[in-house]
Amino acid sequence: MPRHITKTSFGILKYSIVLANTKEFGGIIHSEIFLVTKLLGLKFFGSTTSEFTFVNILNSSATLASYPYEDKPYEILSPLICFDSKGEIFYSNGDAHYLTCVRSALKPFQASASVKAGAVKHFNFSSKEIALMCASHNGEEVHVNTANEMLKKVGYDLSYYECGAHSPYDKNSKKTLLYNNEKPNPLHNNCSGKHAGMLSLAKYLKEDPKGYTDENHAVQKQILEQVKRFSELEEFPIAIDGCSAPVPFLPLYNLALMYQKLASTDYDELNILYDAVISNPYQIAGKDRFDTDFIQAMNGNAITKVGGEGVRGVGVRTSQGDVYGIALKIIDGNQRCNPAAILAVLN
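Bear in mind the structure is a predicted one, so any value in this text is a computation, not a measurement.

Draft legend 1. Representation of the sheet that holds strand E10 (residues 89–93) within the structure. As summarised here, the arrangement of the five strands in space is E10-E9-E16-E15-E14, forming an open sheet in which the pairing is antiparallel. Each edge of the sheet is formed by a strand with only one pairing partner; in this case those strands are E10 and strand E14 (302–307). Direction aside, the axes of adjacent strands within the sheet are offset by 10 degrees on average. Here E14 runs beside strand E15 (residues 311–317); their pairing, made up of six bridges, is antiparallel. Paired with Gly307 across the bridge in E15 is Val311.

Draft legend 2. Geometry of the confidence of the model for the protein. The predicted model of the protein averages 81 in pLDDT, with 78% of residues at 70 or higher. The low-confidence segment residues 1–76 (pLDDT under 50) makes 189 contacts with residues lying over four places distant or belonging to another chain.

Draft legend 3. The arrangement of the packing of aromatic side chains in detail. One pass over the structure, following the stated rule, counts seven aromatic pairs. Measuring from centroid to centroid gives 4.1 Å for Tyr156 and Tyr160, while their planes differ by 15 degrees, and the two rings are stacked. Aromatic ring contacts, followed pair by pair, group Phe109, Phe230, Tyr259 and Tyr267 into a single cluster. Above the face of the Tyr156 ring, Lys203 is positioned so that its terminal group lies 4.9 Å from the ring centre. Directly above the aromatic system of Tyr274 lies the positively charged group of Arg317, at a separation of 3.7 Å from the ring centroid.

Draft legend 4. Inspection of unusual backbone geometry at higher detail. A positive phi angle is found at Asn181, which is not glycine, with a value near 55 degrees. Inspection of the secondary structure puts Asn181 in the loop between helix H5 (171–179) and helix H6 (192–204). Even without glycine at this site, Ser244 takes up a positive phi of about 85 degrees. With respect to the element layout, Ser244 can be found in the loop between strand E12 (238–240) and strand E13 (246–251). Judged by its relative accessible area of 30%, Ser244 falls in the partly exposed class.

Draft legend 5. Representation of the pattern of salt bridges within the structure. Evaluated as defined, the whole model comprises seven salt bridges. Between Glu225 and Lys228 there is a salt bridge, and its shortest N-O distance comes to 3.7 Å. Taken as a pair, Glu225 and Lys228 lie in helix H7 (residues 218–231) at a separation of three residues, close to a single helical turn. Here Asp291 ties to Arg312 by a salt bridge, and the two come within 2.7 Å at their closest N and O atoms. Of this pair, Asp291 sits in helix H11 (residues 290–298) while Arg312 sits in strand E15, and the two are 21 residues apart along the sequence. Since its relative accessible area comes to 2%, Arg312 is described here as buried.

Draft legend 6. Inspection of the nonpolar core at higher detail. In terms of nonpolar packing, the biggest core is built from 86 residues, with Phe109, Phe125, Tyr161 and Phe294 touching the most fellow members. Among the elements that take part in this core, helix H8 (residues 252–263) stands out by supplying eight residues, more than any other. Sequence-distant contacts of Phe125, that is, excluding residues within four places in its chain, are made with Val120, Ile130, Met133, Met150, Lys153, Val154 and Ser200.

Draft legend 7. Quick look at the packing of helix H1 (residues 107–117) against helix H9 (residues 268–279). The interhelical angle for the contact between H1 and H9, taken along N-to-C directions, is 115 degrees, at an axis separation of 9 Å. Pair H1 / H9 crosses with right-handed handedness. The segment H1 lies against H9, with Pro108, Phe109, Ala111, Ser112, Val115 and Lys116 engaging Glu269, Leu270, Ile272 and Leu273. In the contact of H1 with H9, the residues fall into seven nonpolar, one polar and two charged.

Draft legend 8. Broad picture of the sheet that holds strand E11 (residues 99–101). On the basis of which strands lie adjacent, the open sheet formed by three strands has the order E11-E13-E12 and antiparallel pairing. Two strands close off the open sheet at either side, each with one partner strand: E11 and E12. For this sheet the average axis-to-axis angle between neighbouring strands, irrespective of direction, equals 35 degrees. Of the pairings in the sheet, the one linking E12 to E13 comprises three bridges and is antiparallel in character. Bridging across to E13, Ala239 finds its partner in Val247. Against the sheet, H8 makes contact with E11 and E13, and its axis sits at roughly 105 degrees relative to E13, the strand it touches most.

Conventions we followed
Residues numbered from 1 in each chain as written. Predicted model: local features only at pLDDT ≥ 70, side-chain atom pairs only at ≥ 80, totals over all residues. Heavy atoms only, no water. Pairing = 2+ DSSP bridges. Helix = DSSP H or I, 4+ residues; strand = E, 2+ residues; numbered from the N terminus. Axes fitted to C-alpha atoms, helices over the stretch in contact; angles between N-to-C directions. pLDDT = per-residue confidence, 0-100. Contact = heavy atoms within 4.5 Å. Phe/Tyr/Trp six-rings, centres within 6.5 Å; stacked < 30°, edge-to-face > 60°. Lys NZ or Arg CZ within 6 Å of the ring centre and 35° of its normal. Buried < 20%, exposed > 50% of the residue type's maximum accessible area, 1.4 Å probe, protein only. Salt bridge = Lys/Arg side-chain N within 4 Å of Asp/Glu carboxyl O. Core = buried A, V, L, I, M, F, W, Y, C linked by side-chain atoms within 4.5 Å. Left-handed = near helix turned anticlockwise from the far one by under 90°. Nonpolar A, V, L, I, M, F, W, Y, C, P; charged D, E, K, R; others polar.

Written out as structure tokens, the structure is:
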């Protein structure tokens, strides 16, 4: 529950966003997107099938979202923080130190351990494969094939995966499996690229890959050292994510700091990841996904990564040379207003 709700001089921000074709899966609504506004001097887009009305989204962010299929709007709290290249909070609302499980918003920093150690270079991962290490992908054919090629390069097969399997997020890919009477395998898991990267690190370190998702395994120890480095925290609570890998609870302040570093050019391993993602935005998510559309539209000037339960990190490079990190959390965990909320903040 919110600690407090503060009125803001911004009043009500009303975004009547043009709607194309809404797709819903896994409790998340994704939309095809049309150009409706400008952001950071670039033509940009909005999403959604309906009219969103945000109340105080730039202050305590108590948000009222109106949907055509609901009789009444419901209220959520979405604290956010913007961090600039001077190491200062550029903007904050709600609780800047709100502690949350960062879920898949951590993926670029988990991937950074394999890059830093030299595993990515050793196994000659392509730019597309490096991008997939940061992905929560749809399980489309391109994603499945990319993850499979990564495994082949490492010399492992599906039996080494510890992420489990789930149906593809992409409806057409899911239908194809059903029509062919096939079951999804770990390559369809949205985290298969991340886990291929973890397995590459285990192989490179000459560690037994069994149990590579255990917090005490050498792979996870190196990942957590990277998280400590970029978050500038020495201690944080650890949970187990849906794909079996450890994931920390971090204050939004520190998540924003991490994304500011991701968009900066100060860290070699993060530069490699940033360049791979902006060069291969389809790998990061896929068809009808906000992350892919956002990265494509920003044309190298920004990167974003969603996390489960309404978490999002954004790193932005401006034409003036400034670099910003943004972290957002939708308190009730529902992703429906996550894309529109971050667009409102950036605008």
